[in-house]
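# Inside the fold
Here are the chains, one letter per residue:
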Amino acid sequence: DAGITQSPRHKVTETGTPVTLRCHQTENHRYMYWYRQDPGHGLRLIHYSYGVKDTDKGEVSDGYSVSRSKTEDFLLTLESATSSQTSVYFCAISDGTAGPQHFGDGTRLSIL
Amino acid sequence: SQQGEEDPQALSIQEGENATMNCSYKTSINNLQWYRQNSGRGLVHLILIRSNEREKHSGRLRVTLDTSKKSSSLLITASRAADTASYFCATDDRASGGYQKVTFGTGTKLQVIP
C-alpha cells in the first residue's frame, strides 16, 4: 500500500468549531487531493495541491481551506464546522497528471 | 458535477459467476480508471485504460472502452466473496495548467454470495 496516513480517523465535534484534518505521505508524490464521500454523491474533490504552497479549489471548496507547507503534508481545515460537512474525508496522492491516485483510509467526521 | 455514472447501482451474484459493471460519461476523456472500495477503507486503483485503447486485462478483470458511446465496462470473472466491494469509474481529463482532474462516479455496490 502507498504510504498515506490520515489523522484523525474519527472525529466528533460541534457546529461552529474549527477542525483540521491531516494527510501525511511518504511517497514524495507531487499531487495531493482532498475528497469528501457522501451517499448518492460519490467522491467530490474539495481542494488539491500540485506542489508545496500550490493549491487550488475543487468542486466543493466552500467552507474549506487547505495548506501544504511540506511535500509530505496536506492539511484540510474547516474554519467553522457545519452539520452539512459531516462526511467521510479522503486524501489521495498521485505522482503525475496521468495515472492512478492512491488513497488513505479516510477520516469519518461527524458535526453535531 | 459527476462525469461517470455506473450501472447498476447494486449487484448481487453467487460466487463463481461473472460480474459486469458499466460506466457512462459525458465528455471526451484522456483516460478512464476503475477503483475498488472495501467497506470502511479508501479506494484502491484497479486498472487504467487510455482513450486509444479498446480493451485491457488484469488478472480476472477485463475493461472495455467505447469512446464513440462514451461508455466503459468492468468484467470480473469467476467472482469470489473477497470481490464484495463498491466499484467506481473515474474519468481522467487534463484540465488547464497540466494538473490531473479526475471525476468519480457514484459507484456500483457488488455483493458476492459464498
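Keep in mind that this is a model prediction, so the values were computed, not measured. Position numbers for residues count from 1 along each chain, tracking the sequence in the order it is written. Starting at A for chains and at 1 for ligands, labels are handed out in the order in which the entities are written. The predicted nature of this model means local features are confined to residues of pLDDT at least 70 and side-chain atom pairs, given and counted, to a pLDDT of 80 or more, with totals for whole chains, interfaces and linings taken over all residues. The basis for every side-chain value is the complete set of heavy atoms in the structure, and neither hydrogens nor water enter the calculation.

## What about the overall build of chain A?
By definition, any uninterrupted DSSP run of H or I lasting at least four residues is a helix, any uninterrupted run of E lasting at least two residues is a strand, and each is numbered from the N terminus. Secondary structure summary: chain A contains zero helices and 11 strands in total. Ordering the α and β elements of chain A from the N terminus gives β-β-β-β-β-β-β-β-β-β-β. To get the radius of gyration, use the C-alpha atoms; to get the globule rule, take the number of residues to the power 0.38 and multiply by 2.2 Å. For chain A, the C-alpha radius of gyration of 13 Å lies close to 13 Å, the compact-globule estimate for 112 residues. Expressed along its principal axes, the backbone C-alpha trace of chain A runs to roughly 35 × 30 × 25 Å. Contacts are residue-level and defined by heavy atoms, with any inter-residue pair within 4.5 Å sufficient. Excluding contacts between residues fewer than 6 apart, the proportion of contacts in chain A whose partners are at least 24 apart in sequence is 54%. On chain A, roughly 5,100 Å² of surface is accessible, and the fraction owed to carbon and sulfur atoms is 46%. Here the accessible surface of atoms and residues is derived via Shrake-Rupley with a 1.4 Å probe, and residues count as covered only by protein chains that are part of the display.

## Focus on the interface of chain B and chain A
Facing the 22 residues of chain B at the interface are 24 residues of chain A. The working definition used for a salt bridge is a side-chain nitrogen of Lys or Arg within 4 Å of a carboxyl oxygen of Asp or Glu. At the junction of chain B with chain A, the criterion picks out one salt bridge. When the shortest N-O distance is used, the salt bridge between A:Asp105 and B:Arg41 registers 3.0 Å. Pairs of N or O atoms within 3.5 Å make up the polar contacts considered here, provided that, within protein, one atom can donate a hydrogen while the other can accept it, and that residues adjacent in sequence are counted only when both atoms are side-chain atoms. At the boundary of chain B with chain A, the tally comes to four residue pairs in polar contact (both at pLDDT 80 or more). Of all elements in the fold, only strand S4 (31-37), strand S5 (43-50), strand S9 (85-94) and strand S10 (100-104) of chain B reach the threshold of two or more residues within the side of chain B that touches chain A.

## Overview of the sheet that holds strand S3 (residues 19-25) of chain A
All names here are of chain A. A sheet is described by the order of its strands in space; here four strands give the open sequence S1-S3-S8-S7, paired in antiparallel fashion. Two strands close off the open sheet at either side, each with one partner strand: strand S1 (4-7) and strand S7 (64-70). Strand-to-strand, the axes of this sheet are offset by a mean angle of 15°, without reference to chain direction. Two strands form a pair only when DSSP identifies at least two bridges running between them. Relative to strand S8 (residues 73-78), S7 runs antiparallel, the two being bridged by five bridges. When the sheet's bridge partners are listed, Ser67 is paired in S8 with Leu75. Only the contacting stretch of a helix is used when fitting its axis, a line to C-alpha atoms as for every element, and angles between N-to-C directions run 0 to 180 degrees.

## Quick word on the environment of B:Ser68
Residue and element names in this part refer to chain B. Tracing the chain through its elements places Ser68 in the loop between strand S7 (61-66) and strand S8 (71-76). To sort residues, take the accessible area from a 1.4 Å probe on protein chains only and compare it with the maximum for the residue type: under 20% means buried, over 50% means exposed, and anything in between is partly exposed. Judged by relative accessible area, Ser68 falls into the exposed class, the value being 65%. Separated by 41 residues in sequence, Ser68 and Thr27 have C-alpha atoms that sit 11 Å apart. Within the structure, Ser68 has its side chain in polar contact with the side chain of Asp66 (distance 2.5 Å).

## Considerations on the nonpolar core
The criterion is simple. A nonpolar core is a set of buried Ala, Val, Leu, Ile, Met, Phe, Trp, Tyr and Cys residues joined through side-chain atoms within 4.5 Å. The biggest cluster of nonpolar side chains holds 21 residues, and the ones touching the most others in it are B:Leu32, B:Trp34, B:Leu74, B:Ile76, B:Tyr87 and B:Leu110. Broken down by secondary-structure element, the contributors of at least two residues to this core are strand S3 (19-24), S4, S5, S7, S8, S9 and strand S11 (108-113) of chain B. Formed by 19 residues, the second largest nonpolar core is a distinct cluster that contains A:Val60, A:Val66, A:Ala81 and A:Leu109.

The values reported here are purely geometric and, on their own, carry no functional implication.
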